[in-house]
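# Descriptive analysis of the structure
These are the residues of each chain, in order.
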Amino acid sequence: MAKDSRPKSAAVRKNKKGPTSGSGGQGRRKLEGKGPTPKAEDRVYHKAHKQKQLAERAAAKREANRPRTRGSGYGADDVVAGRNPVLEALVERVPAKEMLVAADIESDGRVREALQHCAEQGVRVRELTRRQLDNASGDAVHQGLALVLEPYEYADAAELTEELLEKAAKGYIAHQPLLVACDSITDPRNLGAILRASAAFDADGVLVPERRSAGVTATAWKTSAGAAARIPVARAKNLTQALKEAKSLGYFVVGLDGGGEMSLPGLSLAEEPLIVVVGSEGKGLSRLVAETCDAIVSIPITKSTESLNASMAVGITLYEISTARQGVRQS
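Residues numbered from 1 in each chain as written. Predicted model: local features only at pLDDT ≥ 70, side-chain atom pairs only at ≥ 80, totals over all residues. Heavy atoms only, no water.

### Re the overall build of the protein
From N to C terminus, the protein includes 12 helices and 12 strands. Relative to its 331 residues, the protein shows a buried fraction of 39%. A sequence separation of at least 24 residues applies to 80% of the contacts in the protein between residues at least 6 apart. About 20100 Å² of surface is accessible on the protein, with carbon and sulfur atoms providing 49% of the total. (Helix = DSSP H or I, 4+ residues; strand = E, 2+ residues; numbered from the N terminus. Buried < 20%, exposed > 50% of the residue type's maximum accessible area, 1.4 Å probe, protein only. Contact = heavy atoms within 4.5 Å. Areas by Shrake-Rupley, 256 points an atom, 1.4 Å probe, with all protein chains shown as cover.)

Put into structure tokens, the structure is as follows:
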């Protein structure tokens, strides 16, 4: 038998088996595979991924446009808090979703009467803990009772002004239409007080702009002392344009301002279809609204008083108009 004439080291190298030095087990990892296939919506090149992104953006946009609430999900502006305010709102039949009652409330005549009104009006009653009720009412003094309101249904400004003229022409109302327009009234308490004054002196409605204006919230309801249920509030997309359209129908528009060229006593336009515009206490009437007015009227006050509260100015003006109209009817 012939012997292998190659060097021993070469024979060893030829017959050596097994993984080479430094392989690191790469073969085993290849056999393990890449794991489960990702969902279609998670693959950036797939159509489903783009659809998912669009859906997420749409949801984020809806969330950004959603009215902000706090606590348990109710906005404080949508909740009347306190035993007397809740009972007053129910007596006036303010549209309400539900009444929230503290689990440990000490019942009295007001609570029992409120529960009775809820039963008669079909308003749901829900029991909450004190902490939940604090959150729902925006930490207001609720005395264990709060009322969640339905969103207020605003009238349309153009429809309201036309409807009132038709009613006056047919004798359904005994006087020419009288409206109050709020220019940049952002405090709901001021709006509530204006509603109260308007109802007290026989105004037929209140106009507010959609933007930069207080709305009929729970605070406005409370301040109006029930008047918000008796007088319509109309929203206008653009107050200046709404006033111009009303003028084209036959209304006269007067603005309230301390530096007006006409004094309130003996207002010559009192007997006409009339819109009284009141501005905010700080800025007064905006420029475009003031230019739209047929007259700027001032209320005489003492020099020591800089200005009147907006709701007070409305009340004084409406009283003067009411007095003038009553004098005409009696003569």
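### Considerations on the packing of aromatic side chains
A complete count under the given rule lists three aromatic pairs for this structure. Here the aromatic rings of Y152 and Y154 are separated by 4.8 Å at their centres, their planes lie at 70°, and the arrangement is edge-to-face. According to the relative accessible area criterion, Y154 is partly exposed, its value standing at 25%. Here F201 and Y319 contribute two aromatic rings whose centre-to-centre distance is 5.9 Å and whose plane-to-plane angle is 70°, an arrangement assigned as edge-to-face. Taken together, the positions of F201 in the loop between α8 (188–200) and β7 (205–209) and Y319 in helix α12 (residues 310–330) put the pair 118 residues apart, joining distant regions of the chain. On the accessibility criterion, F201 (26% relative accessible area) is partly exposed. Ring pairing ties together the aromatic residues Y152, Y154 and W221, which thus form one cluster. Note that R235 overlies the ring of Y154, its terminal NZ or CZ placed 4.1 Å from the centroid. (Phe/Tyr/Trp six-rings, centres within 6.5 Å; stacked < 30°, edge-to-face > 60°. Lys NZ or Arg CZ within 6 Å of the ring centre and 35° of its normal.)

### Some points on the sheet that holds strand β11 (residues 274–279)
Taken together, the eight strands give an open sheet; going across it, the order is β5-β8-β7-β6-β11-β9-β12-β10, and neighbouring strands pair in parallel fashion. What marks the edges here is a single partner per strand, and that holds for β5 (155–156) and β10 (262–263). Two elements, strand β9 (residues 252–256) and strand β12 (residues 295–298), share three bridges in a ladder whose sense is parallel. Counted as the bridge partner of G255 is I296 from β12. (Pairing = 2+ DSSP bridges.)

### Notes on the environment of R189
For R189, the position within the fold is in helix α8. Taking the C-alpha atoms as reference, R189 lies 9.3 Å from T217; in sequence the two are 28 residues apart. Excluding anything up to four places from it in sequence, R189 contacts T219 and T223.

### Points about the sheet that holds strand β1 (residues 79–81)
Overall, mixed pairing links the four strands, which are arranged β1-β4-β2-β3 in an open sheet. What marks the edges here is a single partner per strand, and that holds for β1 and β3 (124–128). Between one strand axis and the next, the sheet turns by 25° as a mean value, whatever way the strands run. Along the sheet, helix α4 (residues 83–91) makes contact with β1, β2 (96–102) and β4 (145–149), crossing β4 at roughly 40°. Packing of helix α5 (residues 109–121) onto the sheet brings it into contact with β2, β3 and β4, and relative to β2 it is tilted by some 150°. (Axes fitted to C-alpha atoms, helices over the stretch in contact; angles between N-to-C directions.)

### Looking at the pattern of salt bridges
Within the structure shown, the criterion is met by 10 salt bridges. Between R124 and E98 there is a salt bridge whose closest N-O contact spans 2.5 Å. Here E98 lies in strand β2 and R124 lies in strand β3, a separation of 26 residues in the sequence. Overall, the relative accessible area of 2% leaves E98 in the buried class. (Salt bridge = Lys/Arg side-chain N within 4 Å of Asp/Glu carboxyl O.)

### Digging into the pairing of strand β8 (residues 233–236)
When β5 meets β8, the two strands line up parallel, connected through two bridges. Within β8, the position partnered with A155 by the bridge is A234. Tracing the backbone out of β7, into helix α9 (residues 218–224) and back to the parallel element β8 gives a crossover that is right-handed. (Right-handed = clockwise from strand over helix to strand, strands pointing away.)

### Considering the side chain of N190
Tracing the sequence through the fold places N190 in helix α8. Excluding residues that lie within four positions of it along the chain, N190 makes contacts with I185, E281, N309, A310 and S311.

### Digging into the nonpolar core
General note: in soluble globular proteins, nonpolar side chains tend to be found buried as a group. M99, L145, L147, L191, V206 and L274 are the most contacted members of the largest nonpolar core, which totals 60 residues. In this structure, L164, A234, I275 and C293 belong to the second largest nonpolar core, which totals 20 residues. (Core = buried A, V, L, I, M, F, W, Y, C linked by side-chain atoms within 4.5 Å.)

### Remarks on the confidence of the model for the protein
Taken as a whole, the protein shows an average pLDDT of 81; of its residues, 80% reach a score of 70 or greater. The weakest mean pLDDT in the protein belongs to helix α1 (residues 8–15) at 49; the strongest belongs to strand β6 (residues 178–183) at 96. Predicted confidence for residues 63–73 stays below pLDDT 50, and this span has 10 contacts to residues more than four positions away or in other chains. (pLDDT = per-residue confidence, 0-100.)

### Observations regarding the pairing of β11
Within β11, six of the six residues are buried, leaving the element largely enclosed by the surrounding structure. Covered by surrounding structure in β11 are L274, V276 and V278 together with I275, V277 and G279, the residues of both alternating faces. As defined by bridge partners, β9 adjoins β11 across four bridges and the pair is classed as parallel. Looking at β11, one finds that V253 is bridged to I275.

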